[in-house]
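# Understanding the architecture of this molecule
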Amino acid sequence: MITVHHLNNSRSQRVLWMLEELGVPYEVQYYERDPKTMQAPESLKRVHPLGKSPVITDGDMVVAESGVIIDYLARTYGEGTMVPPASGQAWLDYNYWLHYAEGSLMPPLLMRLVFEKVKTSPMPFFIKPVAKGIADKTNQAFIGPMIDTHMDFVEAHLAKNTWFLGDDLSGADVQMSFPLEASLARGIVGENRPHITAWVERVHARPAYERGLEKGGEYDFA
Ligand SMILES: N[C@@H](CCC(=O)N[C@@H](CS)C(=O)NCC(=O)O)C(=O)O
């Protein structure tokens, strides 16, 4: 039996969506973030030393990293769905988006979040304007333009494709859901990126996505 070690309000939500698309039986072990630090509980380190979510167990196998989990589930249980045949352009594209989501798109989004947090962090009053100035400048001059480049790229791709690989939903869509949902929820994407917005709406309209949400509980980005 597959067990999803699910942290509330996290990337692990997309694994629940993936499993619902595949129609594979699974159980969920729930973990709660510390409300102050937002960190996962120490107990998650008993499943995998990094204590990050998602992580799944399937029998005595432990699978970590969202991209690896999604790919593993598609190949093991997909019966030819959610993953293209292992050669040719579609295969390269599938792997590209699987890696791109966490390897290229998430880092600037996380940097932006960290600099936004700096502005509201407790600190001596006389430091606050300096910290805010540095955070705003960094976001405007460096991180913002980097995110814009990525969003232009993804927007152009989705202007021509219903799903990331074309006409068929795949694991690439599941993996891309977290950064794009987060961008929409944080106002990075909106009317300025109609194709990304429409893609997120298509994702949220899927019955399997809805079922995943019911299983996962609290999730700020849906
Ligand atoms: N690249 C990893 C990132 C995993 C990750 O950072 N997960 C976050 C949840 S979105 C987490 O576990 N945060 C809690 C913590 O760091 O304690 C993946 O996609 O699986």
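So, here is what we can say about the structure in this document. Please read these numbers as outputs of a predicted model, since none were measured by experiment.

Rules used in this analysis
- Residues numbered from 1 in each chain as written.
- Predicted model: local features only at pLDDT ≥ 70, side-chain atom pairs only at ≥ 80, totals over all residues.
- Heavy atoms only, no water.
- Core = buried A, V, L, I, M, F, W, Y, C linked by side-chain atoms within 4.5 Å.
- Buried < 20%, exposed > 50% of the residue type's maximum accessible area, 1.4 Å probe, protein only.
- Helix = DSSP H or I, 4+ residues; strand = E, 2+ residues; numbered from the N terminus.
- Domains from an automatic or database assignment.
- Contact = heavy atoms within 4.5 Å.
- Pairing = 2+ DSSP bridges.
- Right-handed = clockwise from strand over helix to strand, strands pointing away.
- Phe/Tyr/Trp six-rings, centres within 6.5 Å; stacked < 30°, edge-to-face > 60°.
- Lys NZ or Arg CZ within 6 Å of the ring centre and 35° of its normal.
- Axes fitted to C-alpha atoms, helices over the stretch in contact; angles between N-to-C directions.
- Near = heavy atom within 4 Å.
- Polar contact = N/O pair within 3.5 Å; in protein donor to acceptor, adjacent residues only side chain to side chain.
- Areas by Shrake-Rupley, 256 points an atom, 1.4 Å probe, with all protein chains shown as cover.
- Nonpolar A, V, L, I, M, F, W, Y, C, P; charged D, E, K, R; others polar.

The subject of this paragraph is the nonpolar core. Of all hydrophobic cores here, the largest spans 54 residues; its most connected members are Leu73, Met176 and Leu180. A total of nine residues in this core trace back to one element, the largest contributor, which is helix H3 (residues 88-120). Residue-level mapping places this core at the junction of two domains, with at least three residues from each of domain 1 (2-83 + 211-216) and domain 2 (88-206). Once residues lying within four places of it in the same chain are set aside, the contact partners of leucine 73 are Ile2, Val15, Met18, Leu19, Leu22, Ile56 and Gly78. Membership of the second largest hydrophobic core comes to five residues, among which are Leu7, Tyr31, Leu44 and Val47.

So, on to the pairing of strand E2 (residues 26-31). The sheet contact formed by strand E1 (residues 2-7) and E2 spans six bridges and is parallel. The residue bridging valine 4 from the neighbouring strand is valine 28, located in E2. Crossover handedness for the path E1 to helix H1 (residues 12-22) to E2: right-handed.

Here the focus is the packing of aromatic side chains. By the definition in use, this model includes 13 aromatic pairs. Where tryptophan 97 meets tyrosine 100, the ring centres are 5.4 Å apart and the plane angle is 90 degrees; that geometry is what we call edge-to-face. Within this pair, tryptophan 97 and its partner tyrosine 100 are both found in helix H3, separated by three residues, close to a single helical turn. Considered together, tryptophan 97 and tyrosine 100 belong to a single accessibility category, that of buried residues. Arranged with centres 5.5 Å apart and planes meeting at 25 degrees, the rings of tryptophan 97 and phenylalanine 153 form a pair that is stacked. Of this pair, tryptophan 97 sits in helix H3 while phenylalanine 153 sits in helix H4 (residues 128-160), and the two are 56 residues apart along the sequence. Note that arginine 202 overlies the ring of tryptophan 163, its terminal NZ or CZ placed 5.6 Å from the centroid.

A few words on the pairing of strand E3 (residues 55-58). What you see with E3 is no split at all: Val55 and Thr57 on one side and Ile56 and Asp58 on the other are buried throughout. The pairing of E3 with strand E4 (residues 61-64) spans four bridges and is antiparallel. Note on E4: the bridge partner recorded for isoleucine 56 is valine 63. Between E3 and the antiparallel strand that follows it, E4, lie two residues; glycine 59 among them carries a positive phi value of about 65 degrees.

Turning our attention to H1. Think of an α-helix as turning once every 3.6 residues; residues three or four places apart then point the same way. Across the eleven residues of H1, ten count as buried, placing the element largely inside the fold. Where H1 is concerned, the buried positions are Ser12, Gln13, Arg14, Val15, Leu16, Trp17, Met18, Leu19, Glu20 and Leu22. Downstream of H1 by one or two residues, glycine 23 has phi in the positive range, about 70 degrees.

Here we have four strands laid out as an open sheet, ordered E2-E1-E3-E4, and mixed in their pairing. Strands at the two margins of the open sheet, each flanked by one partner only, are E2 and E4. When the angles between neighbouring strand axes are averaged without regard to direction, this sheet yields 20 degrees. With four bridges joining them, E1 and E3 adopt antiparallel strand pairing. From the neighbouring strand, valine 4 faces E3, where its bridge partner is isoleucine 56.

What follows covers the site of the ligand. Taken together, 13 residues are adjacent to the ligand, and Ala40, Lys52, Ser53, Glu65 and Ser66 come closest. Between glutamine 39 and the ligand, the recorded distance is 3.2 Å, taken from a side-chain N or O atom to an oxygen atom. Measuring from a nitrogen atom of the ligand, one finds a side-chain N or O atom of glutamate 102 at 3.0 Å. Alone, the ligand offers 510 Å² of accessible surface; in the complex the protein occludes 86% of this. For the shell around the ligand, the class distribution of residues is three nonpolar, four polar and six charged.

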